[in-house]
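Structure assessment
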Amino acid sequence: MNYIFVKPGMNPKEIVQKVRELPGVCLVSVGMRDAGQSDYKNRLRMYDLKTLAPYYNEMGLFAAECHGGARWHVGIMNRRESPFEEIKILRKLMPNVLLQTLIRETNMWGYRPYPKNIIEYVVERVDIDVWRCFSFLNDVRNMRTVAEVVMKRGKLFEPAISYTVAPWFDTKYYLKVVDEIIDLCGGTEEIILCIKDMAGVGTVTSVTELIDAIKQKYPDLVINYHRHITDGLAMPVLLAAAKAGAKILDVEEDTLTRFYGHPPILAVEALLREHGIPVNLNRKVAEKAVEKVRDWIRDYNWAESPFKGFDHMVTKHKMPGGAFPSSFEQAEKGGFLHYMPYILRVMSLYNQIVKYFDVTPGSQITWVTCSGIVNKYAKEGGEEGVKHIIKLLEKFVEEKNQDFSAMEPEEQKELLQLFKHAPGDFKNLILGHYGKLPVGWPDEWVYKSTFGDEWQEKIKERKETSPLEAIPDEDLDKLKKQLEEEIGRPATEEEFILYLMHPKDAIDFIKFREKYGDAPLVLPTKVWREGLKKPGDKVEFEYEGKPYSIELVSIGAEKDGVVHVVLKVNNKTRVFEVKTPRAKKEEVKKAVKPNEIGAPISGTVWRIGNPKRGTLKVGDIVHKGEEIANLESMKMENPILAPFDAQIVEICVKLNQRVEEGQLLFVLQPIETAKIEEPKVKIENLPH
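Residues numbered from 1 in each chain as written. Predicted model: local features only at pLDDT ≥ 70, side-chain atom pairs only at ≥ 80, totals over all residues. Heavy atoms only, no water.

1. Regarding the sheet that holds strand S12 (residues 572-579)
The strand order S9-S10-S11-S12 describes an open sheet built from 4 strands, whose pairing is antiparallel. One side of each edge strand has no neighbouring strand; the edge strands of this open sheet are strand S9 (538-543) and S12. Within the sheet, the average angular offset between the axes of one strand and its neighbour, ignoring direction, is 30°. Relative to strand S10 (residues 546-555), S9 is paired through 6 bridges, and the arrangement is antiparallel. Note on S10: the bridge partner recorded for Glu540 is Ser549. (Pairing = 2+ DSSP bridges. Helix = DSSP H or I, 4+ residues; strand = E, 2+ residues; numbered from the N terminus. Axes fitted to C-alpha atoms, helices over the stretch in contact; angles between N-to-C directions.)

Structural data, given as structure tokens:
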């Protein structure tokens, strides 16, 4: 029996019709993308994942989600793999399979809204068949540009509803979102609708009710249900979704399944078959794929979450599966992993105060905001301080039903300090820079807490429009020139697209690959991560059809932070100089004077200046409260504001430079003491 029913090259209408005609359901394997994001910190390498491709090619999948989400960013930042080369590898190895991406509407594969011309430029040039697109605000307006470009290219657009269970997000609300999606896409003939249950909180009842309501209103609409398994109830809910009319379900290899990812492919097939629901899957080939994962998955034990086990409390805090690993990693690096249960509790209270969907970038905004609150109280009062703020929030949210006036004066005063140090992206969120919040703006006290005395003026700045309308186009020629100045040569189109998404990390990636070539693609995972440890250790691989062998001969003693390593490369001895972390480093200047502006946190300088004025330079006049730079940290923006009216005397950092907390960024001179250069031509002498 031939299980392959859709292929690259088919137009969207043909693909949708083929799915409709299938008896029962078909499957998307997210093993190459979301499985790795949810349980392995996006560290699963193409070296290993490509071993699944021959099985995917015969399995009869609807699609393989192999691209997008945070995999794109971590690929260039950590695995040192380009998403473009991954696509080329998979196209060659599994030509029968639709390749699928996950794109965050105006945020694309980054963490901030991009202007329309960048979205158009990038989406037009990425070779993907199925474009799953979601808005963490369910602001369908934000999907428009992606939808227009994808559908114009003749690719399949898959708009997604961000889904959770809460009193304010009922079936009536979701049906309205579906109406807006159908209107945007001009009907149901050329799209597939995804219900993106990113935290895995949908119940048998809620999911059945929603899919049934959608199918009653739009009987021809093809529905794909995507669900994580953290609450432990994924299997019965997937069965309920199929019975209600979902035609496509997301799964992953059983051997990849842990606690934050997706349901296991073989178990799902067996469950549905037992209930009389046909599944378009070559099970024998799927079993081989499941077995193949066993060959290499142990090399990623280190990447798994430190918290093992299902967690039905996800229905309270609603952290999505894809956000758990990165959050754990950030907490571990920051030394506050032990506070994770408290952070999750604060999240469960926070998401009743500011209502949106905890999926990127919303999940990162929630995480950074709530972990910041916990860390502040931990620094000031230890564990008892953290318990104190949780008790205060429980009283406010659960006992007083968020009636600010019902709280004691001292409690009100403390709540008004809650968001004082919130990240810049939280401020952007409640000012509408990402789009409209799904069920309205937060209460006034949240603005007072965030903006202090300026809160009323800030509310007047709040936007009701989509970022697509508010963000001006950027000068692509200028941006490409900046990249080429950084790398010292003409940039390829693929390098430029990487740069448009993640400037600093793209430059680091390009320079890494210039130095080390295709090593990330050919070295086995154990060697890639751990290297050759002792004399006699050897790695053998094939590159461009030729065999290679590298053997460690010796490691010399460290001197002044430098070690000499002797290797045999294809039996030829070579000596390499390796700098250790103890090698002499350039001294970092700190901001110590009142007119010196330091970095409030460690991060990357991704902008010097602001969108209104563009890039700032020495000699420019800036005004109190004006943004003069922006740092990216933990995927969030952090604007640096001028503390007073001043002239810029010195800019001490470069664009895309990594800086430490307290590092000197600017030297300013107060305007009253600055010597402003007079214009060389007097105004009255200018010709009229």
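2. Things to note about the nonpolar core
Judged by nonpolar contacts, the single largest core of 172 residues is most densely connected at Phe157, Ile214, Leu249, Ile265 and Leu429. The element that contributes the greatest number of residues to this core is helix H17 (residues 362-399), accounting for 15 residues. Sequence-distant contacts of Leu429, that is, excluding residues within four places in its chain, are made with Phe136, Leu137, Tyr350, Val354, Tyr356, Ile365, Tyr434, Leu437 and Trp441. Counting 18 residues, the second largest nonpolar core, distinct from the first, contains Ala642, Ile648, Leu665 and Phe666. (Core = buried A, V, L, I, M, F, W, Y, C linked by side-chain atoms within 4.5 Å. Buried < 20%, exposed > 50% of the residue type's maximum accessible area, 1.4 Å probe, protein only. Contact = heavy atoms within 4.5 Å.)

3. Observations concerning unusual backbone geometry
Here the residue pair Thr360 and Pro361 is connected by a cis peptide bond, since its omega of 0° sits within 30 degrees of zero. With respect to the helices and strands, the residue Pro361 is situated in the loop between helix H16 (340-350) and H17. For Asn138, which is not glycine, the phi dihedral falls at a positive 50°. Its identity as a non-glycine residue notwithstanding, Lys318 has a phi of 60°, on the positive side.

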